[in-house]
Amino acid sequence: MNKPGYFGQWGGAYIPEVLYETFRELREVYAKAKADPAFWQEYVALMSSYSCRPTPLTHADNLSRHFGGAQIFIKREDLNHTGAHKANNVMGQGLLVKRMGKTRVIAETGAGQHGVACATMAAKFGFACTIYMGEEDVHRQRPNVFWMEKLGATVVPVTTGSRTLKDAINEAFRDWVSNMDTTHYVMGTVCGPHPFPEMVAWFQSIIGIEARKQIIASHGKLPARIYACVGGGSNAMGIFQGFLADSEVELIGVEAGGKGIDTGQHAARLASQDASPGVAQGYKTMFLQDSDGQMLDTHSVAAGLDYIGVSPLLTDLWEKGRVRFTAATDQEVMAALDLTIKKEGIIPALESSHAFVQAFKEAGELSSDQAIIINQSGRGDKDIFTIAHAFDDPSWKEFIRKKGEEYATR
Ligand SMILES: *Cc1c(COP(=O)(O)O)cnc(C)c1O
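Given the structure is predicted, the values throughout are model-derived calculations rather than measurements. (Residues numbered from 1 in each chain as written. Predicted model: local features only at pLDDT ≥ 70, side-chain atom pairs only at ≥ 80, totals over all residues. Heavy atoms only, no water.)

S.K.: Let's hear about the packing of aromatic side chains: which residues, and what values?
M.R.: Summed over the entire model, instances satisfying the criterion amount to 21 aromatic pairs. Relative to W176, the ring of F23 lies with its centre 5.3 Å away and its plane at 55 degrees, an arrangement referred to as tilted. Within this pair, whereas F23 is found in helix α1 (residues 20-35), its partner W176 is found in helix α8 (residues 165-178), the two being separated by 153 residues in sequence. A single burial state applies to F23 and to W176, both of which are buried. Between Y30 and W202, the ring centres sit 5.8 Å apart and the planes meet at 65 degrees, which makes this aromatic pair edge-to-face. Placement of the pair is Y30 in helix α1 and W202 in helix α9 (residues 196-219), with a sequence separation of 172 residues. The positively charged end of K3 is found above the aromatic ring belonging to Y6, 4.6 Å away from the centroid. Above the ring of W10, the side-chain terminus of K284 is found at 5.5 Å from the ring centroid. (Phe/Tyr/Trp six-rings, centres within 6.5 Å; stacked < 30°, edge-to-face > 60°. Helix = DSSP H or I, 4+ residues; strand = E, 2+ residues; numbered from the N terminus. Buried < 20%, exposed > 50% of the residue type's maximum accessible area, 1.4 Å probe, protein only. Lys NZ or Arg CZ within 6 Å of the ring centre and 35° of its normal.)

Structural data, given as structure tokens:
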């Protein structure tokens, strides 16, 4: 039996003593909620009325024919409110905040997607909300900052250190220490100190629970393989949990290969040889770090996958051989995104497109009576600035240039 909060040798809760009491409170409310079937019912009802659950499982018949192998199915987390699976986690944590009687939530965000999801939840529940964001990211992610502020959140630009995500995490923890009585810290993925990895995985398990029923209903049996992109690992753990006990279903996590895993410019923790065990940000996992424990600079076309750590749950499943890890390069991602739009009229997020790359590479190896599922973690049309830039679209550039001029002369 593992120590609580550990998955094999990974995980744990490396937190300062001042946070012991608030973590004890969180573990307790989470344990109670988990033991109470009424809580899960309330959660499912909320997600059905507010976030389009259950999300459909779409048969991608054109893509299936194109590759001439397995039947390709797409789990449509893009149809969640705010456009990604992140809604599952933030709304679940919102219900716990209500149970704890707290009135304020804080979070850190890099690309801003978790910040927008969190600010949306806070608006819905009537909580005050502060989002910490590196100053660099505030400038790079203006559209998301705009929506966070419109949703009523205070966005605090963090000017310390490298002015990016890891500095924002430090500031958010500082805030939490001073405001524990009123404030809950909303972790964005299946990482961080216990109970966050396990708790966020629990909320995301709704994806796998639905997908298992849906694939059996439409295909008559379990799928051969399931593909999900892996940043922190929450959408992957979400769908994988529905099939962990089915040893015949192969689970594949796809990380950001960036410019190639031999270039050093990537965010592949488990699919490359570049990561090593370490403790940071309150938990133990495989981190992209140098031999002195300094975190490396990572790169991906998809901001949501650009992260130095990875879920302790996934590191454990990787070590046990239950989940296979691969990486997709930026270039492969753009090709898979383009093909999916043209063949199915579906626009995956850049993050999700990583899972499509690997599924496309392998679909032809399987026969037409086998099925595979791709977890489409989010939609791409909301990221038009990033995607149009990544496609290097000349008329988009012209449009941005003209808009700039228009604003300048107003
Ligand atoms: C945030 C995000 C991810 C990465 O997070 P995980 O915790 O690894 O799921 C993937 N896809 C989308 C669309 C995201 O917004």
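S.K.: Any details on the sheet that holds strand β8 (residues 183-185)? Residues and values, ideally.
M.R.: Read from one edge of the open sheet, 4 strands run β7-β6-β5-β8, paired in parallel fashion. The open sheet has two edge strands, β7 (154-158) and β8, and neither has a second partner. Across the sheet, the mean angle separating the axes of adjacent strands is 20 degrees when strand polarity is ignored. In terms of strand pairing, strand β6 (residues 128-134) meets β7 through 5 bridges, oriented parallel. (Pairing = 2+ DSSP bridges. Axes fitted to C-alpha atoms, helices over the stretch in contact; angles between N-to-C directions.)

S.K.: Explain the pattern of salt bridges to me, and be specific about the residues and the numbers.
M.R.: Across all of its chains, the model carries 31 salt bridges by this definition. Salt-bridge contacts for E21 lead to R24; the nearest nitrogen and oxygen are separated by 2.6 Å. With E21 and R24 both in helix α1 and 3 residues apart, the pair spans about one turn of that helix. Between E362 and R324 there is a salt bridge; the shortest N-O distance is 2.9 Å. Within this pair, whereas E362 is found in helix α13 (residues 350-363), its partner R324 is found in strand β13 (residues 323-329), the two being separated by 38 residues in sequence. Via salt bridges that share partners, R225, E250, R324, E362 and E365 belong to a single interconnected network. (Salt bridge = Lys/Arg side-chain N within 4 Å of Asp/Glu carboxyl O.)

S.K.: Residue-level account of the site of the ligand, with values.
M.R.: The environment of the ligand is formed by 17 residues, the closest being K86, T189, G231, S234 and S377. Between the ligand and the protein, one listed contact pairs an oxygen atom with a backbone N or O atom of G233 at 2.7 Å. Out of a free accessible area of 380 Å², the ligand has 97% covered by protein chains. A class-by-class count of the residues in the shell around the ligand yields 4 nonpolar, 11 polar and 2 charged. Two domains each donate at least three residues to the shell around the ligand, and these are domain 1 (7-48 + 84-196) and domain 2 (54-83 + 205-390). (Near = heavy atom within 4 Å. Polar contact = N/O pair within 3.5 Å; in protein donor to acceptor, adjacent residues only side chain to side chain. Areas by Shrake-Rupley, 256 points an atom, 1.4 Å probe, with all protein chains shown as cover. Nonpolar A, V, L, I, M, F, W, Y, C, P; charged D, E, K, R; others polar. Domains from an automatic or database assignment.)

S.K.: Which residues make up unusual backbone geometry, and what values do they have?
M.R.: Residue R53 is joined to P54 through a cis peptide bond whose omega torsion reads -5 degrees. Mapped onto the fold, P54 is located in the loop between α2 (37-50) and β3 (57-59). Going from H194 to P195, the amide bond is cis rather than trans, its omega being 10 degrees. As for its position among the elements, P195 is in the loop between β8 and α9. With a phi angle near 60 degrees, C52 is a residue other than glycine that sits in the positive phi range. Residue placement: C52 occurs in the loop between α2 and β3.

S.K.: Give a description of the UniProt feature "domain: Tryptophan synthase beta chain-like PALP" (unreviewed entry) in the chain that names residues and reports values.
M.R.: UniProt's feature table lists "domain: Tryptophan synthase beta chain-like PALP" (unreviewed entry) at residues 52-374, given in the numbering used throughout. Along residues 52-374, the helical share is 41% and the strand share 20%, with 19 Å between the first and last C-alpha atoms. (UniProt positions renumbered as here; feature names shortened; annotations may be inferred.)

S.K.: Please give an account of the sheet that holds strand β14 (residues 371-376) that cites residues and values.
M.R.: Strand order in the open sheet made by the 6 strands is β3-β4-β14-β9-β10-β13, with mixed pairing throughout. What marks the edges here is a single partner per strand, and that holds for β3 and β13. The sheet shows a mean angle of 25 degrees between the axes of neighbouring strands, direction not considered. Summarising the sheet, β3 and strand β4 (residues 71-76) pair through 3 bridges and their orientation is antiparallel. Bridge pairing links L57 to K75 in β4. Packing of helix α12 (residues 330-344) onto the sheet brings it into contact with β10 (250-258) and β13, and relative to β13 it is tilted by some 90 degrees. (Contact = heavy atoms within 4.5 Å.)

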